[in-house]
Amino acid sequence: MSDPATLTDLAAYWQQHIDQWKDSGLSQPKFCQANDLTYHRFVYWRRKFERGPGGDQAERESGGFATLDYRPDVNNGLTLSLPNGLVLRGIRSDNILVVRQLLEHL
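### Topic: the pairing of strand β2 (residues 78-81)
Pairing geometry for β2 and strand β3 (residues 87-91), over four bridges, is antiparallel. Among the inter-strand pairings, Leu80 is bridged to a residue of β3, identified as Leu88. Adjacent in sequence and paired antiparallel, β2 and β3 are bridged by five residues, among which Gly85 carries a positive phi angle near 100°.

Right under this line is the structure:
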């Protein structure tokens, strides 16, 4: 995929689908399902276009990792702050499977 013509074609392909999604009124997952698109690839390209040229620099500098706010408080559990601003609080051993399912759907 390092061939510039291939990358240009790929970017044009995803830009076309993202433009169609914006006009569709559908949620991203429903649009991807209806158009036989892989959701995580759709999200990758949408974010890439939103960042614009050179937008990957901040991600490279941060490493793209989520922040884990660990405070040993048995009552409140862990807090997970994701790069997109979503914050999950109250993560404990008794609800870790629910948290995993949520993260798989993001």
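### Details of a nonpolar patch on the surface
On the surface, a cluster of nonpolar side chains totalling about 240 Å² of accessible area is made up of Leu86, Leu103 and Leu106. Here Leu106 is to be found in the segment after α5 (96-104). Looking at Leu106, the relative accessible area reads 52%, which means it is exposed.

About the thresholds
Residues numbered from 1 in each chain as written. Predicted model: local features only at pLDDT ≥ 70, side-chain atom pairs only at ≥ 80, totals over all residues. Heavy atoms only, no water. Pairing = 2+ DSSP bridges. Helix = DSSP H or I, 4+ residues; strand = E, 2+ residues; numbered from the N terminus. Patch = residues over 30% accessible without salt bridge, like charges linked within 9 Å, V, L, I, M, F, W, Y side chains within 5 Å. Areas by Shrake-Rupley, 256 points an atom, 1.4 Å probe, with all protein chains shown as cover. Salt bridge = Lys/Arg side-chain N within 4 Å of Asp/Glu carboxyl O. Buried < 20%, exposed > 50% of the residue type's maximum accessible area, 1.4 Å probe, protein only.

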